[in-house]
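Structural overview for review
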Amino acid sequence: SWLLASCSLSRTVLFALLWLSTWLLSREFRGETEKIIIGGLLMLSPAVSELACNSAHALFAVMLILGLWQMLAARRKNSTAHIVAASLFLGLALTCRTEAVFVIAGFWGLIALSIFRRRLAIWAFAAAVFPAVIPAISYLAVYRMYTGGNTTGVARRLYFNFEQGHSYAFEDLYPCRN
């Protein structure tokens, strides 16, 4: 059926994106040992198969890895373009999962610290803020246009995530969970 085919295709693409983003991240490290360690961790990690089962988790992980890749490139090359790219990837991660708000706040803190320590221009902070906010605002605008409402269901989704985590943490209390 088309549903199974599209699900299989999306999992395959997300799995490939996970590997590609990790490979791009490993290229930012100088030594071969670090690259081998990152590849080995990805190959041996049981989280990879779990990520492939939930597309929102996989896309969130890919966007965070790509954001980290661009942050490391910005640090190495001292380039504002990489700050913009990192911010955009983190903003896209925000459209996948709401926990990205904490990552974005940490990213903005690092950029603010870099502005003071490295004497970066103050507009580097604007370059870090606006690309991260644009995907979220676009999502909210499209959501409002189609539904006519302002509630995005974030509170319900966060509570549902809490309940899912509770069932994983206390598996012995939930014997019927698959």
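Residues numbered from 1 in each chain as written. Predicted model: local features only at pLDDT ≥ 70, side-chain atom pairs only at ≥ 80, totals over all residues. Heavy atoms only, no water.

**Quick look at helix 7 (residues 123–147)**
Where we set the bar: Strands here are runs of E lasting at least two residues and helices are runs of H or I lasting at least four, both read from the DSSP assignment and numbered beginning at the N terminus. Helix span is expected to be 1.5 Å times the residue number reduced by one. Fitting one axis to the seven residues ending at a residue and another to the seven starting there, the bend at that residue is the angle between the two axes. The rule is simple: take the accessible area with a 1.4 Å probe, protein chains only, and divide by the maximum for that residue type; under 20% is buried, over 50% is exposed, in between is partly exposed.
Look at helix 7: 36 Å from first C-alpha to last across 25 residues, which is about the 36 Å you get at 1.5 Å a residue. Along helix 7, the sharpest change in direction is near 25 degrees and occurs at Ile134; proline Pro135 comes one to four residues later. If you check which residues of helix 7 are buried, you get Ala124, Ala127, Ala128, Val129, Pro131, Ala132, Pro135 and Ala136. After helix 7 finishes, the residue Gly148 shows a positive phi value of roughly 80 degrees.

**Focus: the confidence of the model for the chain**
Quick reminder of the rule: Predictor confidence is given residue by residue as pLDDT, running from a minimum of 0 to a maximum of 100.
Taken residue by residue, the chain gives an average pLDDT of 81. The fraction at 70 or more is 89%. The lowest-confidence element of the chain is helix 8 (residues 154–169), averaging 70 in pLDDT; the highest-confidence one is helix 5 (residues 80–96), averaging 89.

**Side note on helix 4 (residues 55–77)**
Compared with an ideal rise of 1.5 Å per residue, which puts 23 residues at 33 Å, helix 4 spans 32 Å between its outermost C-alpha atoms and is within 8% of the ideal. Along helix 4, the positions that sit buried rather than exposed are Ala58, Phe60, Ala61, Val62, Met63, Ile65, Leu66, Gly67, Trp69, Gln70, Ala73 and Ala74. Where helix 4 terminates, the next one or two residues include Asn78, which has phi positive at roughly 55 degrees.

**Structural notes on the side chain of His82**
Keep this limit in mind: Polar contacts, as counted here, are pairs of nitrogen or oxygen atoms within 3.5 Å of one another; within protein the pair requires one atom able to donate a hydrogen and one able to accept it, and residues that are adjacent in sequence qualify only if both atoms are side-chain atoms. Contacts are assigned to residue pairs with any non-hydrogen atoms lying within 4.5 Å of each other.
When you line up the elements, His82 lands in helix 5. His82 sits in the buried class, given a relative accessible area of 16%. In this structure the side chain of His82 is engaged in a polar contact, spanning 2.7 Å, whose partner is the side chain of Gln70. When residues no more than four places from it in sequence are discounted, the contact partners of His82 are Gln70, Ala73, Ala74 and Lys77.

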